[in-house]
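Here is how the chains run, residue by residue.
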Amino acid sequence: MSNETFASIWDAIEDNAVEAENMKLRASLMMALDRHIRTKGWTQAEAARRLGVTQPRISDLLRGKITLFSIDTLVGMLTEAGLRVEMRVGEAA
């Protein structure tokens with residue numbers, strides 16, 4: 001058993017730092033979309049219509065199917081939802 005500690009779950013399960021960072025970004029974007037959809041009280045069908053995707057795509061999003069979504073796709077969906085995405089870059093810890 002290893003006593004190694006990680007900054008996030010993605011650091012622990014991904015093979016390299018690049019993939020871990022990509023997954024962290026996608027997870028954050030997906031959570032923001034999920035929160036927005038739930039706050040607005042949209043049904044999956046309504047969210048799909050507003051975001052320009054299919055209802056099964058919204059189902060995948062709300063079920064956390066992270067591997068099915070690229071950063072580009074998520075940014076597009078957030079923009080369609082009327083949200084703005086901001087980015088901050090800093091030194092790696």
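Our structure's up above, just so we're on the same page.
Along each chain, numbering runs from 1 in the same order as the chain's sequence is written. The predicted origin of the model limits local features to residues at a pLDDT of at least 70 and limits the giving and counting of side-chain atom pairs to 80 or more, whereas totals for whole chains, interfaces and linings rest on all residues. For side-chain calculations, the full set of non-hydrogen atoms in the structure is used, while hydrogens and water are omitted.

A. The arrangement of the overall build of the protein in detail. Helix numbers and strand numbers start at the N terminus; a helix is a DSSP run of H or I with at least 4 residues, a strand a run of E with at least 2. When helices and strands are counted, the protein shows five helices and zero strands. In sequence order, the secondary structure elements of the protein are arranged as α-α-α-α-α. Exposed residues in this analysis have more than 50% of their type's maximum accessible area, buried residues have under 20%, and partly exposed residues fall in between, with area computed by a 1.4 Å probe over protein chains only. For the protein, buried positions account for 28% of its 93 residues. Any two residues having at least one pair of non-hydrogen atoms within 4.5 Å are treated as being in contact. Intrachain contacts of the protein at a sequence separation of at least 6 include 50% that bridge at least 24 residues. For every accessible area listed, the method is Shrake-Rupley and the probe measures 1.4 Å; residues are considered covered only by the protein chains on display. Put simply, the protein shows about 6,700 Å² of open surface, and 52% of that area lies on carbon and sulfur atoms.

B. Inspection of helix H3 (residues 44-51) at higher detail. Within H3, burial applies to Ala47, Ala48 and Leu51. Buried residues of H3, viewed axially, fall in a sector of 100 degrees; they line one side. Away from its buried face by more than 90 degrees, H3 exposes Ala45 and Arg49. Against the buried residues of H3 lie helix H2 (17-40), helix H4 (55-62) and helix H5 (71-80). Downstream of H3 by a residue or two, Gly52 has a phi angle that is positive, lying close to 70 degrees. Working definition: the arc comes from the directions between the helix axis and the C-beta atoms, pointing outward to the latter.

C. Inspection of the packing of H2 against H5 at higher detail. Where H2 contacts H5, the two axes come as close as 10 Å, and the packing angle between them is 25 degrees. It follows that H2 is roughly parallel to H5 by the angle criterion. Taken as a pair, H2 and H5 cross one another with a handedness that is left-handed. Counting all contacts with H2, which are made through Asn22, Leu25, Arg26, Leu29, Met30, Ala32 and Leu33, the residues of H5 involved are Ile71, Leu74, Val75, Met77 and Leu78. Note on method: axes are straight lines fitted to C-alpha atoms, helices fitted across the in-contact stretch only, with angles between N-to-C directions ranging 0 to 180 degrees. For classification purposes, angles smaller than 35 degrees are called roughly parallel, those larger than 145 roughly antiparallel, those between 65 and 115 roughly perpendicular, and all remaining angles oblique. By convention the crossing between two helices is left-handed if the near helix lies anticlockwise of the far one by an angle smaller than a right angle, and right-handed if it lies clockwise.

D. Up close: the environment of Arg49. Tracing the chain through its elements places Arg49 in helix H3. Along the sequence, Arg49 and Glu80 sit 31 residues apart, while their C-alpha atoms lie 10.0 Å from each other.

E. Just the pattern of salt bridges, in detail. Just to be clear on terms, a salt bridge is a Lys or Arg side-chain nitrogen sitting within 4 Å of an Asp or Glu carboxyl oxygen. On inspection of all chains with the given rule, the structure shows four salt bridges. Between Lys24 and Glu21 there is a salt bridge, and its shortest N-O distance comes to 2.8 Å. Of this pair, Lys24 and Glu21 both sit in helix H2, three residues apart, roughly one helical turn. Residue Lys24 is classed as partly exposed on the basis of its relative accessible area of 22%. Residues Asp34 and Arg38 are paired through a salt bridge, measuring 2.6 Å at the closest nitrogen-oxygen approach. You can see Asp34 and its partner Arg38 sitting in helix H2, four residues apart, about one turn around the helix.

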